[in-house]
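Okay, here's what each chain looks like letter by letter:
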Amino acid sequence: MPARVASTNKTKLLTSAVVFTVIVLVATGLAISGVFSPSESKIVLATTTSTQNSGLLDYILPDFKSKYNVRVDVVAVGSGQALENAKRGDADVVLSHAPSLEAPFMDQGYGVYRRQVMYNQFALVGPSSDPAGVASAWSAASAFRKIADNSSTFLSRSDNSGTYTKELQIWGLAGLDAGQFDPQWYKEVGKGMEDTLRMADGMDGYTLTDEGTYFSLITSLNLVELFRNDTALFNQYSVIPVNPAKNPNVNVRFGMLFAEWIVSPATQELIASYSANGHQLFYPNAEP
Amino acid sequence: MGLAVEAVAVWKSYGGSTVLSNVGLKVEAGELFAIMGPSGSGKSTLLRILNMLESPDRGTVTFSKSTLAPGDGQELRKRMTMLLQRSVMFRDTVFGNVAYGLRLRAVREQEMRDRAMTALRDVGLEGFEKRKASTLSGGEAQRVAFARAIAIEPEVLFLDEFTANLDPPNIRMLEAALAAYRQRTGCTVIMVSHNPFQAQRLAKRCLFLYQGEVLGGGPMEEVRRLDDERIAAFFRGDLI
Amino acid sequence: MGGLDIAQVVGLSLYVSLTATVLTSLIGLPLGAFLALKRFRGSWLMRTGVYALFALPSVVVGLVVYELLSHSGPLGFLDWLWTPIGMVLAESVLIFPLVTGLTMAAVSDVDESVRLTVRTLGANNRQLMLRVMHEARFGIFGAVMVGFGRAISEVGAVYMVGGNIAGSTQVITTAILQRTQMGDFDTAFVLAGILMIIAFTIFFVVREIQERG
């Protein structure tokens, strides 16, 4: 008779221990991933890193949670990716600030509706010495033109962000093609707003920033605000509940609940009350 | 009682060179048989083939009356074992080494213990159980290897120059243990030796291999007196 | 600025890395040993393939797993995107070649004569593999530890699949990234310190065990 290796007590114990460990580990993972509680109320909010890093969401979201008992998982990426996530059904609601990307998104039917939430300003920041004389410009476009004419160091985020989109828009208004700029002065850094500001600070260069991020970092920067007075520098935030027609798994009910909540007068007031380093970062402008 | 072993017309080549040409032998059950010849004769290869660790290119190996059917291999292999010139100790205690073969055969805890301890006693290493095998001297390791081999009570024991690296006291010790084991179980022993004095001391019948070919086989005295300078030189101790 | 639950972040890092290491080792250890011991048609290709995957960039793994787990992807129905279990999957894929390949190397290192001895004592293929793995256990242990260390230091793949959601998928590495971006260097340094302690502990434990072996 062929003899099989008998599981001695030690082997049996070891095997059991391993199997037990694996089951516990995997079960824990599934549990904390909500696999066993699909009815738990939660939504995924896709937004931008600058929005999240401003701290606004940490400030206002607890209000949503306490009012409706729905958990909000915030996934912060670039504007472009946030909208892409929504298209794939990986988000239930989007809070973004890239109107030029949001428009086609809505046209293609990915959003239930789009509503204004708040705005903050973009501003041109740079060294206090202002070599290009930007502070005396009469428009955003002319400020940019001065920088190009002077070949002053300018840092561009050159990612798919709302800020970068805005930057390109203004170069366009100035009749200039950013693709033709000399990398000697026009630096495409491909980074988020915080990193870009810090780099500009280090290089004494100009850059376009949203005021929210700028004010939250102001104490560690030498850069100063040089130009902001132009409606072209408006940074409009919108909320878009994702359309379940394209992705049935999307939680549209809570997505819309979130959108309604964020434009409600109570939340709008809450947004206005948020400040960093003494500066209000966001200006609510939801239409009633 | 041990098994009888028979090899018929065994051929083996590696790469382009023929290592064994038309080798045949017949070993009676329970006898101690020597395979002799200078280095490079193919003795170790033949041993491995007999031990079923390798298959011959041509020819057959049979045990007692059974011919090898493809499925039997594993079964038969468990009834024989081999000792090398430099035995490999497992990264374990001495007991772990000696009991290994028993563990493979699913022997129960108590019986395993008893057989392993008896084997250790037979090689004079009582008390060494808990020692780490890596700390043993060459002679001690070889004795542990022998204990490991006899613990599983093989019916055929293959010895490949198993005392070649040992000093005389250890050689005597192991030869005595071998004799005791054979007495107790009647196991068949096939040993390779390129030491003619040991071969004559222990074996009554032998096979003489020279560069893969059989120069002679049969009773030791007959083979020794064959008219071949190579054989004569070997027995003088001149040919290594 | 929101505060950070350091205990939760560290706990999740350890959990994700540990689970990924355990799951990967369950398959990688026997597979690595098997590939080291058995020569079959295509085994050379497989072994080379495993070593080649050492160079697999983690962002590529992150991207691929993300595509798989996305709700519009083939495994979207699992709902594993933005979850710890999704991160475990990404980490497992990431460290699998490493653990398997290093196990292969450790087992190959075991001398041929050990295999011979094991076979003469009557072991079948499964018993042979177990014994050889036992002989190679220090190297194999090292392989597992390297896998764990790699997993816990990973940023890109876990960010892409987990989403760095505060309170549920934020781990030490993505937290360091985010805190740095936010300018909260104090917290970033504390987290970095913790990660270094974990990394050095692994290093010392491996050295200790291998000294003994």
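These numbers were taken from a predicted model, which means no experiment stands behind them.

A. Local environment of the interface of chain A and chain C. Chain A puts 28 residues into the contact, and the matching count from chain C is 23 residues. Mapped by element, the contributors of at least two residues to the side of chain A that touches chain C are helix 1 (9–32), helix 2 (49–53), strand 2 (71–77) and helix 8 (193–203) of chain A. In terms of residue count, helix 1 of chain A provides more of the side of chain A that touches chain C than any other element does, six residues in total. For the side of chain A that touches chain C, the residue count by class is ten nonpolar, twelve polar and six charged.

B. Focus on the domain arrangement of chain B. All names here are of chain B. The domain boundaries assigned to chain B delineate domain 1 (1–79 + 154–240) and domain 2 (89–153). If you average the C-alpha positions of domain 1 and of domain 2, the two centres end up 25 Å apart. On the domain 2 side, the residues contacting the 14 residues of domain 1 number 13 residues. When residues in the side of domain 1 that touches domain 2 are grouped by element, the largest group, seven residues, is from helix 6 (residues 168–185). Of the residues contributing to the side of domain 1 that touches domain 2, the split by class is nine nonpolar, three polar and two charged.

C. The packing of helix 6 (residues 140–150) of chain A against helix 7 (residues 162–173) of chain A, seen in detail. All names here are of chain A. For the pair helix 6 and helix 7, the least separation of the axes is 8 Å and the interaxial angle reads 85 degrees. By the criterion of interaxial angle, the relationship of helix 6 to helix 7 is roughly perpendicular. Residues A140, A141 and F144 of helix 6 pack against I170, W171 and L173 of helix 7.

D. Spatial organisation of the nonpolar core. Ranked by size, the top nonpolar core spans 122 residues in total, and within it L45, V93, V94 and F258 of chain A together with A90 and V161 of chain C carry the most contacts. Here this core gathers at least three residues from each of two domains, domain 1 (42–119 + 234–284) and domain 2 (120–233) of chain A. The residues touching V161 of chain C, leaving out its near neighbours within four places in the chain, are G62, V65, Y66, L69, L81, G86, M87 and A90 of chain C.

E. Up close: the environment of S168 of chain C. Residue and element names in this part refer to chain C. Tracing the backbone through its elements, the reader meets S168 in the loop between helix 8 (156–162) and helix 9 (172–182). Using a count of 20 C-beta atoms within 10 Å as the deciding quantity, one classes S168 as buried. The spatial distance from the C-alpha of S168 to the C-alpha of D186 is 22 Å, given a sequence separation of 18 residues.

F. Molecular detail of the environment of L18 of chain C. Mapped onto the elements, L18 of chain C comes out in helix 1 (residues 6–37). As a C-alpha pair, L18 of chain C and M145 of chain C span 127 residues in sequence and 10.0 Å in three-dimensional space.

G. Main features of helix 6 of chain A. When helix 6 of chain A is considered as a whole, its buried residues turn out to be A140, A143, F144, R145, K146 and I147 of chain A. Backbone geometry just after helix 6 of chain A places S151 of chain A at a positive phi near 50 degrees.

H. Structural detail: the packing of helix 5 (residues 138–151) of chain B against helix 6 of chain B. All names here are of chain B. Put simply, helix 5 and helix 6 touch, their axes get as near as 10 Å, and they point 5 degrees apart. Between helix 5 and helix 6, the crossing angle belongs to the class labelled roughly parallel. Along its contact with helix 5, which presents G139, Q142, R143, F146 and I150, the element helix 6 presents N170, M173, L174, A177 and Y181. Of the residues that constitute the contact of helix 5 with helix 6, the class distribution is six nonpolar, three polar and one charged.

Reading guide: rules and limits
Residues numbered from 1 in each chain as written. Chains lettered and ligands numbered in written order. Predicted model: local features only at pLDDT ≥ 70, side-chain atom pairs only at ≥ 80, totals over all residues. Contact = placed C-beta atoms within 7 Å. Helix = DSSP H or I, 4+ residues; strand = E, 2+ residues; numbered from the N terminus. Nonpolar A, V, L, I, M, F, W, Y, C, P; charged D, E, K, R; others polar. Domains from an automatic or database assignment. Axes fitted to C-alpha atoms, helices over the stretch in contact; angles between N-to-C directions. Parallel < 35°, antiparallel > 145°, perpendicular 65-115°, else oblique. Core = buried A, V, L, I, M, F, W, Y, C linked by C-beta atoms within 7 Å. Buried ≥ 20, exposed ≤ 12 C-beta atoms within 10 Å, placed from the backbone.

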